[in-house]
Amino acid sequence: MTHPEWIEVVDSHTEGEPTRVVIEGWPMPSGATMSEKRADLRERFDHLRRAVVTEPRGHDAIVGALLTPPVSEGAHCGVVFFNDVGTLGMCGHGLIGVTKTLAHLGRLAPGAVTIDTPAGPVVSTLLGDGSVTFANVPSFLYAKDAAVEVPGYGPVVGDIAYGGNWFFLTELPEIVIGLPNLERLMAVTRAIREALWDQGVANEAAPIDHIELFSPSPRADAHSRNFVLCPGAAYDRSPCGTGTSAKLATLVERGVLKPGQVWRQESVTGSLFEGTVEVRGDDLIPHIRGRAYVTGTARLRFEPSDPFRYGIRPA
């Protein structure tokens, strides 16, 4: 195990959802591809993942982002995202946060850059008004109207879709999406996720680890409100970049949304992403726009005598 004494980070939030970008002190994972770097991070540096984003230095909602050298020609950099339970293939709010952090550090000017992720290269554009738009990896509807029997709730029908991560998307009209109803929202989405795993309602590539509920939005400038359960024990404070991508692909493949048509997705906290879909050959490429704000910089210390040097681990 590698035991750094400190790691420097820049914190930000994207439409309410926090990102912690590691800028110094973390040894680089090895690998010729971002997927290999992700696997090496998971194998050799999982203790640093816990140390950076979990308690007592972090909390369940933080998504970490380790900057790496690029792996594709012309790319600006690479990034491996991680959270309270493991690594991620992509993270939309995190990518917006990385882009604003690079600009904050003077490493990025307004314009478009390619950033390599384990899910594939994405193009991020820092706009003149401070917002960020990214062109995501190809996204798609995997299965329509998948049914799962959820203990305590009965049958639930939803779509399985990919937007850089895997999602089960459904509408439950009897459950109000709003922060006052947070306890029930967490309970039902956890129950759905556990039922999906227990009953084998999943895809062949990877387990479905994100659950996304939808309802109409009371806002005149939003088409829908969502609640997203992330892997682990946290919900997304933003509308979720990969979740909005999965939703957009589902809407296009169902004929509800046309390529180029704007969709405005509200989160449970009231923040907003704006999205469109571009068709490239057989691929659907979501474009997501949002705002991030740098909230602080820190040098995280890891004293050898600290019993929680690498986070508070469950028994």
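Just so you know, these numbers come straight off a predicted model, no measurement behind them.

Each value, and the rule that gives it
Residues numbered from 1 in each chain as written. Predicted model: local features only at pLDDT ≥ 70, side-chain atom pairs only at ≥ 80, totals over all residues. Heavy atoms only, no water. Helix = DSSP H or I, 4+ residues; strand = E, 2+ residues; numbered from the N terminus. Rg over C-alpha atoms; globule rule 2.2 N^0.38 Å. Buried < 20%, exposed > 50% of the residue type's maximum accessible area, 1.4 Å probe, protein only. Contact = heavy atoms within 4.5 Å. Areas by Shrake-Rupley, 256 points an atom, 1.4 Å probe, with all protein chains shown as cover. Lys, Arg positive; Asp, Glu negative; His and termini not counted. Charge placed at Lys NZ, Arg CZ, Asp CG, Glu CD. Pairing = 2+ DSSP bridges. Phe/Tyr/Trp six-rings, centres within 6.5 Å; stacked < 30°, edge-to-face > 60°. Lys NZ or Arg CZ within 6 Å of the ring centre and 35° of its normal. Polar contact = N/O pair within 3.5 Å; in protein donor to acceptor, adjacent residues only side chain to side chain. Arc of directions from axis to C-beta. Core = buried A, V, L, I, M, F, W, Y, C linked by side-chain atoms within 4.5 Å.

> Please explain the overall build of the chain as it appears in this structure.
Looking only at helices and strands, the chain features five helices and 17 strands. Computed over C-alpha atoms, the radius of gyration of the chain comes to 19 Å, within 12% of the 20 Å expected from 2.2 N^0.38 for 315 residues, which places it in the range of a compact globule. Its C-alpha atoms give the chain principal-axis dimensions of about 50 × 45 × 35 Å. Burial status across the chain gives 56% buried among its 315 residues. Considering only residue pairs separated by 6 or more positions, the chain has 63% of its internal contacts joining residues 24 or more positions apart. With an accessible surface of roughly 13,100 Å², the chain has 51% of that area assigned to carbon and sulfur atoms. Computed over 28 positive and 37 negative side-chain charges, the inter-centroid distance for the chain is 4 Å.

> What is the right way to read the pairing of strand 12 (residues 210-215) from this model?
The side chains of a regular strand alternate, residue by residue, between the two faces of the sheet. In terms of burial, strand 12 is a largely internal element, six of the six residues being buried. Because side chains alternate across strand 12, one face comprises the buried residues His210, Glu212 and Phe214, and the other comprises Ile211, Leu213 and Ser215, equally buried. Judged from the five bridges that link them, strand 11 (residues 166-171) and strand 12 form a sheet pairing that is parallel. Bridge pairing links glutamate 171 to phenylalanine 214 in strand 12. Note: strand 12 against strand 13 (residues 224-229), five bridges, orientation antiparallel. Looking at strand 13, one finds that leucine 213 is bridged to phenylalanine 227.

> Please clarify how the packing of aromatic side chains should be interpreted in this entry.
A complete count under the given rule lists seven aromatic pairs for this structure. Taken together, a centroid distance of 6.4 Å and an interplanar angle of 65° make the contact between tryptophan 26 and phenylalanine 45 edge-to-face. Placement of tryptophan 26 in the loop between strand 2 (17-24) and helix 1 (34-44) and of phenylalanine 45 in the loop between helix 1 and helix 2 (46-53) is noted, with a sequence separation of 19 residues between them. For the pair tryptophan 26 and phenylalanine 45, one class covers both residues: buried. Each ring, one from phenylalanine 227 and one from tyrosine 235, has its centre 5.6 Å from the other, and the planes form 20°; the classification is stacked. Comparing phenylalanine 227 with tyrosine 235 shows no difference in burial state: the two are buried. Connected via pairs of aromatic rings, a cluster forms that spans Phe140, Tyr142, Tyr162 and Trp166. Here the basic side chain of lysine 100 rests over the ring of tyrosine 293, its NZ or CZ set 5.9 Å away from the ring centre. Against the face of tryptophan 6 rests arginine 299, its NZ or CZ located 3.8 Å from the ring centre.

> Could you clarify how one ought to interpret the side chain of threonine 250 in this entry?
For threonine 250, the position within the fold is in helix 5 (residues 241-253). For threonine 250, a relative accessible area of 4% translates into the label buried. For threonine 250, the side chain forms a polar contact with the main-chain oxygen of alanine 246, separated by 2.9 Å. Excluding residues that lie within four positions of it along the chain, threonine 250 makes contacts with Leu141, Asp159, Ala161 and Leu169.

> So what exactly am I meant to see when it comes to helix 1 here?
In an α-helix, one full turn covers 3.6 residues, which means residues spaced three or four apart are oriented alike. Looking only at helix 1, the buried set comprises Met34, Lys37, Asp40 and Leu41. For helix 1, the angular spread of buried residues about the axis comes to 115°, placing them on one side. Against the buried residues of helix 1 lie helix 2, strand 3 (63-68), strand 4 (77-82), strand 5 (87-88) and strand 6 (111-117).

> Would you mind going over the pairing of strand 7 (residues 120-126) with me for this structure?
Bridge count for strand 6 against strand 7 is seven bridges, and the pairing is antiparallel. Bridged to threonine 117 within strand 7 is glycine 120. Joining the antiparallel neighbours strand 6 and strand 7 is a turn of two residues. Looking at chain direction, strand 7 and strand 8 (residues 132-135) are connected through four bridges and run antiparallel.

> What's the story with unusual backbone geometry in this structure? I'm lost.
Phi is mostly negative for residues that are not glycine, and the peptide bonds are mostly trans. Going from glutamate 55 to proline 56, the amide bond is cis rather than trans, its omega being 10°. Within the secondary structure, proline 56 is located in the loop between helix 2 and strand 3. One non-glycine residue, glutamate 15, lies in the positive phi region at around 50°. A positive phi angle, close to 75°, is found at cysteine 240, a residue other than glycine. Exposure remark for cysteine 240: the relative accessible area of 4% places this residue in the buried category.

> Explanation requested: the nonpolar core in the structure shown.
One recurring pattern in soluble globular proteins is that nonpolar side chains are buried together. Core analysis: the largest hydrophobic core is formed by 59 residues, its most contacted members being Phe81, Val98, Phe168 and Ile192. The biggest single contributor to this core is helix 4 (residues 182-198), with seven residues. Core analysis: the next-biggest nonpolar cluster, separate from the first, contains 18 residues, Trp26, Ala51, Val53 and Leu66 among them.

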